[in-house]
Each structure stands twice: as structure tokens, then as C-alpha cells.
Amino acid sequence: MREALIFLNGYYDTRHLDFYRQEIVAAMEKGSPLICADGGIRIFDDLNRDGDTTLVPDVCIGDMDSVVEGRTKAKQVVQEWVGKTDKDYTDGQLAVDYALEEYGCRHIIIYGGLPRPEVYETDQFLGNLKLMRFGHYRVSTDAPYKAEMRDPKQTIHYVLSAVRLTRKNSGLQRVSLIAEADTVVVEKSENLRWDLASLHIHPDLTNALRNEFVEGAEWAALQLVEGAAPVYVIHNW
């Protein structure tokens, strides 16, 4: 699956600029499109002020109300689109839709999705979380699809059937599952401290939070039963 990197106008942990730089450089080497949703382009400003190499996104899309003039310019700016004017679609939805329709990407990787803590943007975070589900809604139900929200110390996976998580450091690796539907059941899990096999991840319960990698394990994995609804899997370290 071809991947696209989506940069939202949200929180970026600038203490870890190397994380974002490495992600962008690796994507450029693979030819993956870099798409900024309006003010998400500011992470490129931060990186270009901090480094020797100029990084330029392929596309900046949205109403441009959060873009500061005179800084990093995208290769292409998209402000007009058919059927999605005004707030029919958010800038984040536009970016995901553009990746799906214009580039044919089916692996969506989102950055800047967390809320900025000083302004209590919980609503923005919850909406950004839904962008992974939105991408799935926009493609054929039987088509391959994968989505993640990546940050320096955490990745949130939107899992349709299975996921394999890789240890990021020698410390504690936490794994939590959150369901939105009542039909999420785990078939099997591996290398988790509390085995999830046959567990029903109920949308109204919190019984699948704060699991952990088995000590010393380099990876952990889980598989949903056939026909299960997607589930959010949060891996932080």
C-alpha cells in the first residue's frame, strides 16, 4: 500500500524535531506524498529553521486561514475543490481525501493530531482521531486500508484485522484498545502481559486499557476475529 503523510494544524512536540525530520526524509526516499492541512505546514518551518536541509511538502490544502505568509511554501497549494467548499469538510478531511483520490494512497499516517495542552483542544483531538476512520469510510469496504497517528512517544493504530507493534526502547511499552462498536473481539494476542484472546472490547468499558509488552519482548501483536469492527490500538513508550 502506498503511504501518505498528513500534517495537521495541531500539536507537535518540538523537543523531538529529529523524529519528524526522520519520518519526512524516510517518506521522501520512498516517494510518499507529504500533505499539509492548512497550518500543519508550520512543522516544516520549525524543521527548516533548525536544520541545514530545506524540507518542502508536496501539497498544502485548506482555506489557508492558519498559514503564515513568507515561510515554507508547498510545491502545490489547493484552495478550491468541487463539492467540499466552506466547512463541508475540515482541512484534515480534505488532506486525507486528497491522499486517497489524487495519489491513490491507502496507508494514511497522521502527524500533529494531539491537542495542544495549553488550549485544551480535546475536541480537535477526537476529531483528528476520527480522520483515520474517515479514510476507511472513503474507500471501498473490501479494499486494503491502514491508518496511524504518529507522535514522538506514541502511535495510535486504526486496526481492521491485525497489528504488530515493535518495541521502541528498553522502557515500559503500554498498549491500550478502544472500541467504537460493540462487535470488537480479539482472536489472539502475543507478547502482551495480559492475554487478550477471546476478549470482547466493549465500547462502554475500559477493560482493555494499559496492557504492557511482556518484559524483554521486541514486539507484540493481536488479531481480531473475522467480521470484527475496527479498533483503535494505542502504543506508547
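See the structure above.
Residues numbered from 1 in each chain as written. Predicted model: local features only at pLDDT ≥ 70, side-chain atom pairs only at ≥ 80, totals over all residues. Heavy atoms only, no water.

## Quick word on the overall build of the protein chain
Test applied: In DSSP terms, a helix is any run of H or I states spanning at least four residues, a strand is any run of E spanning at least two, and both are numbered starting from the N terminus. The atom set for the radius of gyration is the C-alpha atoms, and the globule formula is 2.2 Å times the number of residues raised to the power 0.38. Working definition: with a 1.4 Å probe on protein chains only, accessible area under 20% of the residue-type maximum means buried, over 50% means exposed, and in between means partly exposed.
Each helix and strand in the protein chain was counted, giving four helices and 13 strands. The globule rule puts the C-alpha radius of gyration for 237 residues at 18 Å, and the 18 Å found for the protein chain is close to it. If one aligns the C-alpha atoms of the protein chain with their principal axes, the spans along those axes are about 55 × 40 × 35 Å. In the protein chain, buried positions account for 49% of the 237 residues.

## Things to note about the pairing of strand E8 (residues 162–166)
Our working rule: Think of it this way: DSSP has to see at least two bridges between two strands before they count as a pair.
Here E8 shows a clear split, with Val163 and Leu165 buried on one side and none of Ala162, Arg164 and Thr166 buried on the other. Bridge count for E8 against strand E12 (residues 219–224) is five bridges, and the pairing is antiparallel. Across the sheet, Arg164 pairs through a bridge with Ala221, a residue of E12.

## Overview of the side chain of Glu212
Selection rule: By definition in these notes, contact holds between two residues if any of their heavy atoms fall within 4.5 Å.
Along the polypeptide, Glu212 turns up in strand E11 (residues 211–212). Apart from the residues within four sequence positions on either side, Glu212 is in contact with Leu172, Gln173, Val175, Asn191, Leu192, Arg193 and Trp194.

## Notes on the nonpolar core
The condition is simple: Among buried residues, those of type Ala, Val, Leu, Ile, Met, Phe, Trp, Tyr and Cys that are joined through side-chain atoms within 4.5 Å constitute a nonpolar core.
Judged by nonpolar contacts, the single largest core of 31 residues is most densely connected at Ile6, Ile35, Ile61, Ile108, Ile110, Met132 and Ile156. Setting aside anything within four residues of it in sequence, one finds Ile35 in contact with Leu5, Ile6, Phe7, Val59, Ile61, Ala95, Tyr98, Ala99 and Tyr103. In terms of nonpolar packing, the next biggest core, distinct from the first, is built from 20 residues, Val159, Val163, Val186 and Phe213 among them.

## Examining helix H3 (residues 91–102)
Cut-off, in case you're wondering: For a helix, the expected span equals 1.5 Å multiplied by the number of residues minus one.
With 12 residues, H3 extends 16 Å from end C-alpha to end C-alpha; this agrees with the ideal 16 Å at 1.5 Å per step. By the criterion of burial, H3 is predominantly enclosed, with 10 of the 12 residues buried. Those residues of H3 that fall on the buried side of the exposure criterion are Asp91, Gly92, Gln93, Leu94, Ala95, Val96, Asp97, Tyr98, Ala99 and Leu100. Looking at the packing, one finds that the buried side of H3 touches strand E1 (3–7), strand E2 (34–37), strand E3 (59–61), strand E4 (76–78), strand E5 (107–111) and helix H4 (122–138). The first or second residue beyond H3 is Gly104, which carries a positive phi of 70°.

## Description of the pattern of salt bridges
For the record, the criterion: The working definition used for a salt bridge is a side-chain nitrogen of Lys or Arg within 4 Å of a carboxyl oxygen of Asp or Glu.
Under the definition given, this model contains 14 salt bridges. The partner of Asp50 in a salt bridge is Arg21, and the shortest N-O contact between them spans 3.3 Å. Of this pair, Asp50 sits in helix H2 (residues 42–50) while Arg21 sits in helix H1 (residues 17–30); the two residues are 29 residues apart in sequence, bridging distant segments of the chain. You can call Asp50 partly exposed: its relative accessible area is 48%. Here Lys130 ties to Glu180 by a salt bridge, and the two come within 2.7 Å at their closest N and O atoms. Here the residue Lys130 occupies a position in helix H4, and Glu180 occupies one in the loop between strand E9 (174–179) and strand E10 (186–190), the gap between them amounting to 50 residues. On the accessibility criterion, Lys130 (41% relative accessible area) is partly exposed. The network of salt bridges with shared partners includes Asp18, Arg21 and Asp50.

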